[in-house]
Amino acid sequence: MSAPRGPNLGSGTGIFRRKPIETIEHAGETGLQRTLGLRQLTAIGVGGIIGAGIFSLAGAVANKTAGPAVLISFLIAGIASAAAAFSYAEFAGLIPRAGSAYTYGYAVLGEIVGWFIGWDLLLEYTAIVSVVAIGISGYFNDLLGFLHVSLPHWMSGAPGTEPAGVESGSYKINLFAVLLCLLIAFILNQGMKNAARFETLLVYLKVGLVLLVIVVGAFHIQSGNYSNFFPFGLSGAFTGAATVFFAVFGYDAMSTAAEESQDSQKHMPKAIIYSLAISMVLYVLACLVLTGMVKYTDINPEAAFSSAFAKVGLGWLGAIIAVGAIIGILTVLFTFLMGATRVGYSMSRDGLLPKWFAKTHPVRKVPSRITWILGGASALIAGLLPIGEAAELTNIGILLAFVVVCIAVIVLRYKRPELPRTFKTPGMPVVPIIGVIFSIWLITFLKPETWLRFAIWFLIGMAIYFSYSKRHSAMERGESAGSGPDSGSDSGDGEPGVKSTSD
C-alpha cells in the first residue's frame, strides 16, 4: 500500500469532493467546549436508547406480535443495531468531530452524500423529539386524570385529537409537549457541562427505576407464563424485531457530541459500545420479568409494567413506574435534540447551511442559534400534529444513515488501512454488511406515506444544495475542512473576532 500523499489525498471533485480525513482529525479547536467524560457520554447514550421502548413498546410487541419471544425480538434488534454501532465506534475513534453520520459520509463518500444524510437527520432527530414530547404529554394527561384534574380543552392536544363526539375547536394545541421541547432547548443552551449533569441525573433515576422493576418483578415470575414461548411463530419474533429496533438506537445521536468529549478518540467508541450493551441487558431482563409476571395475552400494551404490578397487588409500584416513565423519557428528548443541533452546527460550519447558524455562545460555548431554531421547530410539530402524523416523519433517515456509515467504514478500511484507529469494527466486512442488510430490510416495513414525506424533504434538500450549499461550501471556497470560521465569539456576519451579543 502506498503512503498517503498529504491531507488532500483523494479529496474528489464537484459534488463528490470529500473532506480530507487528516485535516478533519487535526483541525484546531472551534467554538464547542470539551467537557464530557466517558461516564457522561455513556449516560447520554443510555438516555437516548432507553425510553418508551422499555416502558410501553415491550408490552405492545409481547401482547400483539411476539408473545414471550419479545425477548428474542430485542436480541435480534440488538445484534443488528450492534453491527451499525461498531461502525459508528470506528469512525468516532478516527474522526473526533461533530456531525456523526453526516461528517463520516462527507469524509468518505462525498459532499452530496454527507449533505443528504445531514439533511435527513435534521428532520428525523427533530421529529423524534416531537414524538417523544407528545408521548410524555399523554402520560402527563393520564396522570392528571388520576388526580381528577383536567386541562382546558384548547391546551390538551393537537388539532384533530378530540375524542369521539367532541366538536373540533378552532384553536387547539398540545401545550405541555410544546413546553417540554422548549425546556430541553433551554437546558441545552446552559452549556454542555451543566446540561450533561441534568441528563446524567435523569439517566441514573431511570436506570434505578428499571432495576427496581426487574428485582421486584423477579419475585413474581410464574414459569408457566413462558410455556408457549413462540405463540406467533418465529416470524412473530422477527416482525417484533423490526418494531423494537427503533428502541435500540440513540448512540448515533450521542456520537454527534464528539467535539465536546474530553478525549473523543478514546472515550467515544467506548461510550457507544457501553451504552448499547447496558441498554440491551436492561431490555432483556425487563422483558423476562414482564412476560414472566403476566401471561402475554393479559399484558396491557399501553402501560405494560404499571398494569402488571397492579395485577400482582403492587399497584403502588405501578404508580411510581408511571411517574418514573415520564421523567426517564425526558432523556430521549435531550439526546436527540442535542444530536439535531450538532448536525446542524456541523453542516453550517462547513458552509452547507448559512454560517450564521454555527455561531456559538461566547460564554457557554454551545450553538445557541441552531438549538433554539430546532427546539422551536420540534415544539411546533409537537403542538400541532397528532402523534401518528409526527411519527411518520421519523425512522427512514436514521436507517439510511446506518446504511451510509456501514458502507463507508468498509470503503475506508480498504482504501485507507494505514489510518490510526483507536477502535476497529470486528468481523470486517461481514459485520457492517449485516448492518446494511438489516437496515434496508427495516426500510421495507415503512409506510408509503413515510416514503412520500421523505421524497418531499429530499427534493427540498436537493433544491437547497444546488442553489446555495454547493456554492457556499467551505470546500468550494478552499477553507480548512472541519474547522470553519467559528471561534465561539463571532458576530452573525461571519467576521472573526467580533463578540456576539445576539445569543
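Located above this text is the structure these notes cover.
These notes cover the structure that comes with them. (Residues numbered from 1 in each chain as written. Predicted model: local features only at pLDDT ≥ 70, side-chain atom pairs only at ≥ 80, totals over all residues. Heavy atoms only, no water.)

## What about the overall build of the protein chain?
At step 1: Counting its regular elements, the protein chain contains 18 helices and zero strands.
At step 2: Across the protein chain, every contact between residues at least 6 apart in sequence was considered, and the portion connecting residues at least 24 apart equals 82%.
At step 3: A total of about 19100 Å² of accessible surface is found on the protein chain, and carbon and sulfur atoms cover 67% of it. (Helix = DSSP H or I, 4+ residues; strand = E, 2+ residues; numbered from the N terminus. Contact = heavy atoms within 4.5 Å. Areas by Shrake-Rupley, 256 points an atom, 1.4 Å probe, with all protein chains shown as cover.)

## Concerning unusual backbone geometry
At step 1: Here Met 428 and Pro 429 are connected by a cis peptide whose omega angle stands at 0°.
At step 2: Within the secondary structure, Pro 429 sits in the loop between α16 (396-415) and α17 (430-443).
At step 3: The backbone phi angle of Ser 100 is positive, close to 50°, even though this residue is not glycine.
At step 4: Within the element layout of this structure, Ser 100 appears in the loop between α4 (70-94) and α5 (101-108).
At step 5: On the basis of relative accessibility, which here comes to 1%, the residue Ser 100 falls in the buried class.
At step 6: For Lys 365, which is not glycine, the phi torsion reads 55° and is therefore positive.
At step 7: Mapping Lys 365 onto the fold places it in the loop between α13 (315-349) and α14 (368-384). (Buried < 20%, exposed > 50% of the residue type's maximum accessible area, 1.4 Å probe, protein only.)

## A few points about the packing of helix α11 (residues 264-293) against helix α12 (residues 304-311)
At step 1: As a packed pair, α11 and α12 sit with axes 10 Å apart at the nearest point and diverge in direction by 45°. Regarding the angle of α11 to α12, the classification is oblique. Here α11 and α12 pass one another in a crossing that is left-handed. Residues Ala 286, Leu 290 and Met 293 of α11 lie in contact with α12, whose contacting residues are Ala 304, Phe 305, Ala 308 and Phe 309.
At step 2: For the contact of α11 with α12, the class distribution of residues is seven nonpolar, no polar and no charged. (Axes fitted to C-alpha atoms, helices over the stretch in contact; angles between N-to-C directions. Parallel < 35°, antiparallel > 145°, perpendicular 65-115°, else oblique. Left-handed = near helix turned anticlockwise from the far one by under 90°. Nonpolar A, V, L, I, M, F, W, Y, C, P; charged D, E, K, R; others polar.)

## As for the nonpolar core
At step 1: In this structure, Phe 74, Tyr 88, Phe 91, Phe 245, Tyr 251, Ile 272 and Leu 333 are the most contacted members of the largest nonpolar core, which totals 148 residues.
At step 2: Apart from the residues within four sequence positions on either side, Phe 74 is in contact with Gly 53, Ala 58, Val 244, Ala 247, Val 248, Met 280, Tyr 283 and Cys 287. (Core = buried A, V, L, I, M, F, W, Y, C linked by side-chain atoms within 4.5 Å.)

## Points about a nonpolar patch on the surface
At step 1: On the surface, Leu 179, Leu 182, Leu 183, Phe 186 and Trp 372 cluster together into a nonpolar patch covering about 460 Å² of accessible area.
At step 2: Element by element, the count of residues in the nonpolar patch is highest for helix α7 (residues 175-188), at four residues.
At step 3: Its location among the elements puts Leu 179 in helix α7. (Patch = residues over 30% accessible without salt bridge, like charges linked within 9 Å, V, L, I, M, F, W, Y side chains within 5 Å. Salt bridge = Lys/Arg side-chain N within 4 Å of Asp/Glu carboxyl O.)

## With respect to the pattern of salt bridges
When the charged atoms of two side chains with opposite charge come close together, those side chains can pair.
At step 1: One pass over the full model with this rule turns up nine salt bridges.
At step 2: In this structure, Glu 259 engages Arg 97 in a salt bridge whose closest nitrogen and oxygen atoms are separated by 3.3 Å. On the criterion of sequence distance, the pair formed by Glu 259 in the loop between α10 (251-254) and α11 and Arg 97 in the loop between α4 and α5 is long-range, its members being 162 residues apart.
At step 3: By relative accessible area, Glu 259 is classed as buried at 2%.
At step 4: Residue Arg 97 is classed as buried on the basis of its relative accessible area of 2%.
At step 5: Among the salt bridges present, the one from Glu 260 reaches Arg 342, with a minimum N-O distance of 2.6 Å. In this pair, Glu 260 is assigned in the loop between α10 and α11 and Arg 342 in helix α13, connecting sequence segments 82 residues apart. With respect to class, Glu 260 is no different from Arg 342; both count as buried.

## Some points on the packing of α4 against α11
At step 1: Following both chains from N to C, one finds α4 and α11 inclined at 175°, their axes separated by 9 Å at the closest point. Judged by the inter-axis angle, α4 sits roughly antiparallel to α11.
At step 2: Of the residues assigned to the contact of α4 with α11, the class counts are 21 nonpolar, six polar and no charged.

## Re the packing of aromatic side chains
At step 1: As enumerated under the stated definition, the model contains 25 aromatic pairs in all.
At step 2: Centroid distance Tyr 465 to Phe 466: 5.0 Å. Interplanar angle 85°. Geometry classified as edge-to-face.
At step 3: For Phe 466, a relative accessible area of 43% translates into the label partly exposed. (Phe/Tyr/Trp six-rings, centres within 6.5 Å; stacked < 30°, edge-to-face > 60°.)

## Some words on the environment of Ala 92
At step 1: Along the chain, Ala 92 turns up in helix α4.
At step 2: Residue classification places Ala 92 among the buried positions, given a relative accessible area of 1%.
At step 3: Considering only alpha carbons, one finds Ala 92 and Ile 272, 180 residues apart in sequence, at a separation of 8.9 Å.
At step 4: Those residues within four positions of Ala 92 in sequence are excluded, and the remaining contacts are Tyr 104, Ser 264, Gln 265, Met 268, Pro 269 and Ile 272.

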